[in-house]
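# Structural description and commentary
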Amino acid sequence: MDELKALAGSLDTTWVLIGAALVFFMQAGFAMVETGLTRAKNAGNIIMKNLMDFCIGTPIYWFIGFGIMFGSTAPLFGKIDLFCMSTDDFATMIFQTVFCATSATIVSGAMAERTKFSAYCIYSALISLFVYPISGHWIWGGGWLATLGFHDFAGSTAVHMVGGVAAFIGAAILGPRIGKYDKNGKPNAILGHSMTLAALGVFILWFCWFGFNGCSTLGTSGDGAANAARIFYTTNLAAAVATITVMIITWVRYKKPDVSMTLNGSLAGLVAITAGCDTVTPAGAAIIGIIAGFAVVFGIEFVDQKLKIDDPVGAVGVHGICGATGTLLTGLFAYYDFGGGEKLGVFYGGGFHFFGIQALGVVSVIAWVAVTMTIIFNVLKHTIGLRASVAEEVDGLDIHEHGLASAYADFAQVSSYNNFGGAQFTPLEPMPEKPVHVDDAVPVQVKTPTETIASDTKITKITIVAKQSKFDDLKEALNEIGVTGMTVTNVLGCGVQKGKAEYYRGVQMDLNLLPKIQVDVVVSKVDPAAVINAAKKALYTGHIGDGKIFVYNVANVVKVRTGEEGFDALQGEDFF
C-alpha cells in the first residue's frame, strides 16, 4: 500500500511538472501573437519583453512573491518568506512561477510599440513582487475570497484578469500610438505585420492551455484523471465555439470574417472557460464560449473606439473583459461538485449567493490591480519616463532600444531582379585584385553611334502594376513581341474602391495595401502600343485589381559600362 501511495505521489508530481513546462511555453505563444499583431520595426522589442517577463519574474517571485501568495492562510497577506526558505515543494513553486509570469506578460501587447524598455522591466518586477501575489493569495492562498467560496479553478481572474486590468491601466496612462487616432478622435487601423506569426502564437497558446487548465488538478491520482479529462474537453470546446462565434460576428459586421479578431476569439474562449473548466458541463462550456465571442468583439471595439485606449493586440478585451466574464459565468453554470457537495450554479438551482461571491471577487481584484498599477505606472511616468520619444516610436523601438536594425535582416522590404528572356539574371563583375588608380585606368572605349541617334529616336518607359499571380502570363506576352528585358519589383499598393470598405479589428481601413508586382520596361525598337496591348490582354480578368499601366517619355538612356547613349544604349537589351 505504501508503495502504491508513493507511486501515486510520483505520478502527481510528474503531472504538475508537465503542466509547468506547458505553461512556460505559453511565453512563446504570447510572443508570437504580440509580434504578429504589431509592426515589424518593433518585433525584437516584443520578444525581449516577453523573455524578460519570465526571467525577471522568476527570481522576484522566488525572493518574496511566493511567500506572500502561499506563506499562510491569513485573510489578506501570506507572509514574508525570503527566498522560500521554509518551502521545499519545488513542483508547486515552479508551477506557480510560470503562472505568475503569464499574468505579467499579458501587459506587453497592450503597451506595445511605444513603451520604454527600462520602464517595462521595472513594471514586470513589481507585478511579480506583490501585485499578482497578493490578489493570488486571496483566491488560491487561503485568503478571504477563498474562505468565502470564490471559485477560479485555473485563473480567469487570478491570472488573466489581473493582467488585463494592468494592461488597461498601462495603455490608458501611456496614451495611443502616433497616428492611431485622427484629430477628430476617429481610430485608424494600424496593421500587424504577420498574421502567420499571430496564428502560430494562438495555436501554441491553445496547446499549452491544456496544461494551464488540465494540470491545475495538481495530480491524476484518485478522481484526478477523470477530472483532467473533463477539463481538457470543456477547455477545447469553449475555445472552438468562441472562435466560430467571432468568425460569424465579424462576417456579419464587417462583411468578411476578420482574421485577427477571430484569432482573439480563440483566446477569449480559453480565458473565459479557465475559471469554471472543472465544474461546468460541455453545454455550459459551449454557452460560455458563445458569450466570450460576443464579449471579445464588442469589448475590443468599445476600448478602441469609445474609450480611445490603444491596445494593439486586444489584451484588455481578451484577458480583462473575458476573464471577468468567465468568472461570473461560473456562478451561473457551475454543475459538478468542487468541494461543497452541491451544485452552486444559478441555472442548476444554486441561487444567487455563489454568483454574488463571484461578482465580489471580480470587483475586489479589479479594484486592487487598478489602484496599485495606477500608482506604479504614474510613478514610472514621472521619474524615469514611461513612453519612448517620438523619434524612437517612428523609427521603431528595435533600433533605438536594442540596436537591432531589423528583426528580419535577411528579408528586404522591396526586392528587384532583372529578367532576360524569362531567365532570372544577376550580372556579376569580378572584383580587381588590387585597387585601380585613376592614372592606371584604361579609357572607356565608346562605340561610334549608328546613323540613328538619341534625338531622332523616341524612347518610352512603360510601368505595369499587376497581380503577382499574373506575372508569368505578362512575361510570356512581352517576350512574344520582342521585349526580352524587364525589371520586376515586389511592391505594395492600394486603390480606391468606392462602396467597398475594408476592416481590421473592427476599424475601417482608409488604405488597403496589397502585394503587387511592378514591371518596368524601356523600349525604342518595339512599339509602345504593342506593349500596352500585350499587357492588357495578359492581365485582363474583368475584376477589381487587374492593375494599371503608366507610360512615360524618356529623355535619354546612358549605358554605364560603355558610355553609349540613347538608341545605342538600348541595342539588344530593351530593359529599364
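Residues numbered from 1 in each chain as written. Predicted model: local features only at pLDDT ≥ 70, side-chain atom pairs only at ≥ 80, totals over all residues. Heavy atoms only, no water.

## Regarding the overall build of the protein chain
Broken down by element type, the protein chain carries 17 helices and 8 strands. Evaluated residue by residue, the protein chain yields a buried proportion of 49% over its 576 residues. For the protein chain, the exposed surface amounts to about 26,500 Å²; the carbon and sulfur share of it is 64%. (Helix = DSSP H or I, 4+ residues; strand = E, 2+ residues; numbered from the N terminus. Buried < 20%, exposed > 50% of the residue type's maximum accessible area, 1.4 Å probe, protein only. Areas by Shrake-Rupley, 256 points an atom, 1.4 Å probe, with all protein chains shown as cover.)

## Details of the packing of aromatic side chains
One pass over the full model with this rule turns up 22 aromatic pairs. Relative to Phe 66, the ring of Tyr 61 has its centre 5.9 Å away and its plane inclined at 85 degrees; by these criteria the two rings are edge-to-face. Phe 66 shares its class with Tyr 61; the two are buried. Pairing Tyr 123 with Phe 377 gives two aromatic rings, centres 5.6 Å apart and planes at 20 degrees, and the pair type is stacked. Taken together, the positions of Tyr 123 in helix 4 (residues 117-140) and Phe 377 in helix 12 (residues 353-382) put the pair 254 residues apart, joining distant regions of the chain. Judged by relative accessible area, which is 0%, Tyr 123 ranks as buried. Look at Phe 377 and you get buried, because its relative accessible area is 1%. (Phe/Tyr/Trp six-rings, centres within 6.5 Å; stacked < 30°, edge-to-face > 60°.)

## Overview of the nonpolar core
Grouped together as the largest cluster of nonpolar side chains are 108 residues, with contacts concentrated most on Tyr 123, Met 373 and Phe 377. When neighbours within four sequence positions are excluded, Met 373 is seen to be in contact with Tyr 123, Val 131, Ala 166 and Ile 169. Formed by 20 residues, the second largest nonpolar core is a distinct cluster that contains Phe 471, Ala 477, Val 483 and Ala 538. (Core = buried A, V, L, I, M, F, W, Y, C linked by side-chain atoms within 4.5 Å. Contact = heavy atoms within 4.5 Å.)

## Thoughts on a nonpolar patch on the surface
A grouping of Trp 62, Leu 76, Phe 77, Ile 80, Leu 82, Phe 83 and Met 85 is seen on the molecular surface, where their side chains present a nonpolar patch of about 720 Å² in accessible area. Tracing the sequence through the fold places Phe 83 in the loop between helix 2 (43-70) and helix 3 (90-110). (Patch = residues over 30% accessible without salt bridge, like charges linked within 9 Å, V, L, I, M, F, W, Y side chains within 5 Å. Salt bridge = Lys/Arg side-chain N within 4 Å of Asp/Glu carboxyl O.)

## Regarding unusual backbone geometry
Phi angles above zero are rare outside glycine, and Lys 255 is one such case at about 75 degrees. One non-glycine residue with positive phi stands out, namely Lys 308, at about 60 degrees. Note on placement: Lys 308 falls in the loop between helix 10 (282-306) and helix 11 (315-333). For Lys 308, a relative accessible area of 34% gives the class partly exposed.

## Here's the deal with the pairing of strand 3 (residues 459-466)
Among the 8 residues that make up strand 3, 7 are buried, leaving the element largely enclosed by the rest of the structure. Of the pairings in the sheet, the one linking strand 3 to strand 8 (residues 548-554) comprises 7 bridges and is antiparallel in character. Directly across from Ile 462, in strand 8, lies its bridge partner Val 551. The pairing of strand 3 with strand 7 (residues 514-523) spans 7 bridges and is classified as antiparallel. Bridge pairing in strand 7 places Thr 460 opposite Val 523. (Pairing = 2+ DSSP bridges.)

## A word on the side chain of Glu 301
Mapped onto the elements, Glu 301 comes out in helix 10. Discounting residues that sit within four places of it in the chain, Glu 301 has contacts with Arg 253, Tyr 254, Lys 306 and Gly 506.

## Focus: the packing of helix 8 (residues 224-254) against helix 10
Remark: helix 8 packs on helix 10, axes separated minimally by 7 Å, with the N-to-C direction vectors making an angle of 40 degrees. As the angle between them shows, helix 8 and helix 10 are arranged oblique. Crossing angle aside, the handedness with which helix 8 passes helix 10 is right-handed. In this structure, helix 8 uses Tyr 233, Thr 234, Leu 237, Ala 238, Val 241, Ala 242, Thr 245, Val 246, Ile 249, Arg 253 and Tyr 254 to contact helix 10, whose residues at the interface are Pro 282, Ala 285, Ala 286, Gly 289, Ile 290, Gly 293, Phe 294, Val 296, Val 297, Phe 298 and Glu 301. Taken together, the residues of the contact of helix 8 with helix 10 sort by class into 16 nonpolar, 4 polar and 2 charged. (Axes fitted to C-alpha atoms, helices over the stretch in contact; angles between N-to-C directions. Parallel < 35°, antiparallel > 145°, perpendicular 65-115°, else oblique. Left-handed = near helix turned anticlockwise from the far one by under 90°. Nonpolar A, V, L, I, M, F, W, Y, C, P; charged D, E, K, R; others polar.)

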